[in-house]
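# Structural characterization, general
The residues making up each chain are set out below.
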Amino acid sequence: MKVLRVDLTTGKFADWEIPKDVQRKYLGGRGLAAKILYEENKPKIDAFDPENSLIIMTGPYTGTYGSFTGFYNVTTKSPLTGAILSAHSGGHWGPMLRKTGYDGIIFKGKSKNPVYLLLTDSGPQLMDASDLWGKDVFETTDVLQKRHEGAKATVIGPAGEKLVRYAAIMNDHHRAAGRGGVGAVMGSKKLKAIVVHGTKDVAQSDAEGLKESFKAATATVKEKSQAFMKYGTSMVVGITGKAGTIPTRNFQTAYFPEYEKIGGDAVVNGHKTKDTACARCPLHCGNLTKAEKDYKVETEGPEYETLAMFGSNLGNANLESILMANNLCNQYGIDTISCADTIACAVELFEKGIISEKDTGGIKLSWGDHASIVKLVELTGKSEGFGRLVGEGSRRLAAKYGPEAAKYAMNVKGMEFPGYDPRGIQGMGLAFATSTRGACHLRATMYVPELFQGKLDRFTVKGKSPVLKDFQEFFTVLDCMILCKFGARNAFNNSWDEMVRLVNLATGAGYTAEELRQVGTRSWTMERLFNLREGLTKKDDTLPERLFTLPIDDGPSKGAVVNKSDFDKEIEEYYKLWGWTADGVPTKQTLDALGI
């Protein structure tokens, strides 16, 4: 594996060959980046310090002839949470990076003036980006791909430039390394874009075997995943809405009677124009959509999380406004989840009389007022007016208005919640609480066995730790490979044996299932070590008080609440399974066994 080091302060480049033993222990992607960040970042530096590393990393599966190979990973210290941050994105940029002959890029320092990195077969160059600074994601992408024919660009928009704490890095116009503020770190370094264009072969041990695996995956999803292929993630609204587990009015409840107005049928039958897909993806789960009545916009998506958080969690049943909010987030380069949740926090603060129109710049906030929601998204993307405070995230927004306001900020470790109410899917509560990057639905999809499949009792946390740990290890491996989680579930049934086969086809390294699991365990533990060093402790592995004390008030999950005593006991069991102390610290014996 070859990584490009870029010092933005001096403008100098250096190549780094990752040692073979390190490759084997961490594989690539998220795990390898976590090790690098832990070793190269100074403890407790600010996320906007020039010496905070911004690490772009592919994995050995990226860009191969296998299926779902379009992903790349971004790792840094989060300006939103202060914890380790790993975000990933699909599309077509990651495979093109590998075609340049590089597997990753590490940025340090800060440029004096705006620049972008151009990386081709001929090597790297830092190019002047003064003419691009201030342009939105769509404009920037179009200019760069016209300027460098055949290239792929990943860029930041105005939100990243202005250090919105959940600014995203965007590629292919609408694909996002979305959560936690990777785009803000990129903006703090005055780095506007990374443009890649390569023609080299991507290293893969058994190309023919990977081609055959692609054919098999295609046949499997066509047979078993027709609904997902038609609706994409928008179909999940129908599942969580019907079950009464869809976040509603800033998690005050989880029942939204109008959920069908923002669900899969409404999206597909009323607004979808065509499918879209990432590189070598047979699922085609992306939807291109259009609104023409209340709002005029063409966009990609919205995905489930955006539908839930800009919909039910804001009491909003106007689907066209969600399409517009989604497009504005992509245009300015911000995470839809944190943006919507922070607006929801603001609406509840307004509802409770803690803030007023004086605070919001004359904007009256209320549940379901889609016009004010769209206006706030735009202000946030531009970092103007009250939007500047919304761009700080819910924890900082609420903190400005005192201790009473803090309980309305729905987050874990500072990262806002995605679209699953833990009172009605309680394994997800454990997943959110223990995730190394804060509230996240992609570190362990406990909602699949609990809600989608009904294999686990969704109204208790008891006994969930072994399943949770297995998911966390498995998905960490996916993020090291790096492979799409929808593909892993729909085409490979989240099978360890299948992942071993794919990794070995890509690398020829001869991993066993246990060795591959150790990659996941080791990488997750490295992230835990980083967070402990940055000052996070056991007290951060929890949920907002509301989820322990306020039962869901209506619908199929009425009366559900997370039992705090059961939750605390399950956290203790979880720590034991990982080989950590009662305070959540990995023991020396555990670290020695993992070779850390």
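Just above sits the structure.
Keep in mind the model is a prediction, meaning the values are calculated, not measured. (Residues numbered from 1 in each chain as written. Predicted model: local features only at pLDDT ≥ 70, side-chain atom pairs only at ≥ 80, totals over all residues. Heavy atoms only, no water.)

## Comments concerning the pairing of strand β4 (residues 72-77)
Filter applied, for reference: Relative accessible area decides the class of each residue, using a 1.4 Å probe on protein chains only: under 20% of the type maximum gives buried, over 50% gives exposed, and in between gives partly exposed. For the purposes of this entry, the term helix denotes a DSSP run of H or I that reaches at least four residues, the term strand denotes a run of E that reaches at least two, and both are numbered from the N terminus. Think of it this way: DSSP has to see at least two bridges between two strands before they count as a pair.
Burial analysis of β4 places six of its six residues in the buried class, the great majority of the element. Because side chains alternate across β4, one face comprises the buried residues Y72, V74 and T76, and the other comprises N73, T75 and K77, equally buried. Of the pairings in the sheet, the one linking strand β3 (residues 54-57) to β4 comprises three bridges and is antiparallel in character. Note that in β4 the partner of I55 across the bridge is T75. With six bridges connecting them, β4 and strand β5 (residues 84-89) associate as antiparallel partners. The residue of β5 that forms the bridge with V74 is A87. Here β4 folds back onto β5, and the loop between the two strands holds six residues, one of which, G82, carries a positive phi near 80°.

## Some thoughts on the side chain of S383
Note the cut-off: Here, residues are in contact when the closest pair of their heavy atoms is within 4.5 Å.
Assignment of secondary structure puts S383 in the loop between α15 (370-382) and α16 (387-390). Apart from the residues within four sequence positions on either side, S383 is in contact with K162, V164 and R388.

## A few points about helix α12 (residues 319-332)
Three or four residues apart is the spacing at which side chains of an α-helix point the same way, because the helix has 3.6 residues per turn. Stated formally: Each residue after the first adds 1.5 Å to the expected span of a helix. As used in this structure description, the phrase polar contact means that two N or O atoms lie within 3.5 Å; if the pair is within protein, one of them must be able to donate a hydrogen and the other to accept it, and residues adjacent in sequence are counted only when both atoms belong to side chains.
Compared with an ideal rise of 1.5 Å per residue, which puts 14 residues at 20 Å, α12 spans 20 Å between its outermost C-alpha atoms and is within 8% of the ideal. Counted residue by residue, α12 has 13 buried out of 14 residues, so it is predominantly covered. Between the side-chain oxygen at the start of α12 and the backbone nitrogen of E320 there is a gap of 3.2 Å, and the oxygen is on N318.

## A short note on the sheet that holds strand β7 (residues 115-120)
The line we're drawing: Angles here are taken between N-to-C directions and fall from 0 to 180 degrees, while the axes themselves are lines fitted to C-alpha atoms, restricted in helices to the stretch in contact.
In spatial order, the strands read β8-β7-β12-β9-β10-β11; together these six strands make up an open sheet with mixed pairing. Only two strands of the sheet have a single neighbouring strand rather than two, namely β8 (123-128) and β11 (175-177). Sheet twist, expressed as the average angle between the axes of neighbouring strands with direction ignored, equals 20°. As judged from the six bridges shared by β7 and β8, these two strands associate in the antiparallel manner. Note that in β8 the partner of Y116 across the bridge is M127. Contacts from helix α4 (residues 137-147) reach β7, β9 (152-155), β10 (169-171) and β12 (191-197) within the one sheet, and its direction differs from that of β9 by about 150°.

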